[in-house]
Each structure stands twice: as structure tokens, then as C-alpha cells.
Amino acid sequence: MTGTPPLAQQLTPARLDREAGYRMLDLLQDNATQQATLPGLETVAPGFADWVVTALFGGTYQRPGLSLRDRQVANLAALTALGGVDPQLAGHVRTSLRAGLSRAEIIEVFVHLAPYIGVPKALAGLRVAAAALAEAGQP
């Protein structure tokens, strides 16, 4: 034995607050977006939707250091770079509006991404964003 404390004692405990997660979810996502995702996920993988809300919205989103607006810009960039996640990207476009980003700022995220992730992925993101913005009354 070297006297080194167990790993669990060396690490800062993660904050996972289920109730805070659901409050954050309600703040960021409208009921239609929640209902389009979570009940279906619950049917396929019971408990997974609750874990997602608890870990993401009750954990990651509770960390200091980034505003909700900044987190949404990062989400838009990451999802666009991934590609193939149109429903999630559309949801985060709507969430970005709720977090205070303007239509122009959301569009500019995709324009800014083009030289970094490639024009085809940026265009695909813009297509998803345009539809989500129009659906949200932000044509």
C-alpha cells in the first residue's frame, strides 16, 4: 500500500440533481419537444430518458462556467459537425431561441462552422435550422 486514497476520494463528486434537471428541461424545451422525444425513448429503453434528463440537464447543465446561450452554441456546433442527428439539431435550434439566441445568431453559427466542418455539413445544418425556425415562427 502506498497510502494513496481510493480514486473515489480523489475526484470531485458529480452533481446530479434530478429535480433540477427536470426544471432545466422545462426551461429549455417546450412541451412538444419533450413529448416528441422522451415518451418514445421510455418505451424503447425504460429509465434511459430519466437518466438523460438527470445526467445532462441535472448534471452537465448545472455546472458553472458557461451560460445557457453558450451551451446552446456549443450544442448547435457539435450536432451539426456530427451530422445525421436532424431531430436533435432541430430541437436544439428551438431550445436556442428559448435560451435567448436570435434567429440571426443561430444562422450565423452555421455560417461560421462552414470552414471548420465543411460546407456540406454546414448547409445540412442550415436546412434543419431553417425548417425549425420556420416551425417556431422565425422564418
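Residues numbered from 1 in each chain as written. Predicted model: local features only at pLDDT ≥ 70, side-chain atom pairs only at ≥ 80, totals over all residues. Heavy atoms only, no water.

Student: Kindly report on the overall build of the protein, identifying the contributing residues and their values.
Tutor: In terms of helices and strands, the protein carries eight helices and zero strands. Listed N to C, the secondary structure of the protein is α-α-α-α-α-α-α-α in terms of helices and strands. Once the C-alpha set of the protein is aligned to its principal axes, its extents read approximately 60 × 35 × 25 Å. Counting the 139 residues in the protein, one finds 33% classified as buried. When contacts within the protein are restricted to residue pairs at least 6 apart in sequence, those whose partners lie at least 24 apart make up 67%. Of the charged side chains in the protein, 11 are positive and 11 negative; the average position of the first set lies 4 Å away from that of the second. (Helix = DSSP H or I, 4+ residues; strand = E, 2+ residues; numbered from the N terminus. Buried < 20%, exposed > 50% of the residue type's maximum accessible area, 1.4 Å probe, protein only. Contact = heavy atoms within 4.5 Å. Lys, Arg positive; Asp, Glu negative; His and termini not counted. Charge placed at Lys NZ, Arg CZ, Asp CG, Glu CD.)

Student: Quick one: what's the story with helix H2 (residues 18–28), residue by residue and with numbers?
Tutor: What H2 keeps buried is the set Ala20, Gly21, Met24, Leu25 and Leu28. Projected down its long axis, H2 shows its buried positions confined to an angular sector of 140°, all on one face. Contacts made by the buried residues of H2 are with helix H3 (31–44), helix H4 (48–57), helix H5 (68–82) and helix H6 (86–98). Of the residues that open H2, the one with a side-chain oxygen 3.2 Å from the backbone nitrogen of glutamate 19 is aspartate 17. (Arc of directions from axis to C-beta. Polar contact = N/O pair within 3.5 Å; in protein donor to acceptor, adjacent residues only side chain to side chain.)

Student: So what's going on with H5? Residues and values would help.
Tutor: Between its first and last C-alpha, H5 extends 21 Å over 15 residues, near the 21 Å set by a 1.5 Å rise per residue. Those residues of H5 not exposed but buried are Arg71, Gln72, Leu76, Leu79 and Thr80. In a view along the axis of H5, the buried residues occupy a sector of 160°, so they form one face of it. Looking at the buried side of H5, the elements it contacts are H6, helix H7 (103–117) and helix H8 (119–135). One or two steps after H5, the chain reaches glycine 83, where phi turns positive at roughly 70°. (Expected span 1.5 Å × (residues − 1).)

Student: Now, about the pattern of salt bridges: what can you tell me, with residues and values included?
Tutor: Taken as a whole and judged by the stated rule, the model has six salt bridges. The partner of glutamate 19 in a salt bridge is arginine 18, with the nearest N and O atoms 3.7 Å apart. Taking relative accessible area as the criterion, arginine 18 reaches 41% and is therefore assigned partly exposed. Between arginine 18 and aspartate 50 there is a salt bridge, and its shortest N-O distance comes to 2.8 Å. Here the residue arginine 18 occupies a position in helix H2, and aspartate 50 occupies one in helix H4, the gap between them amounting to 32 residues. Owing to a relative accessible area of 23%, aspartate 50 belongs among the partly exposed residues under this scheme. (Salt bridge = Lys/Arg side-chain N within 4 Å of Asp/Glu carboxyl O.)

Student: If you had to explain the side chain of histidine 92 to someone new, which residues and values would you point to?
Tutor: Along the polypeptide, histidine 92 turns up in helix H6. A relative accessible area of 15% means that histidine 92 is categorised as buried. Other than its neighbours up to four places away in sequence, histidine 92 contacts Tyr61, Gln72, Asn75, Leu76 and Leu79.

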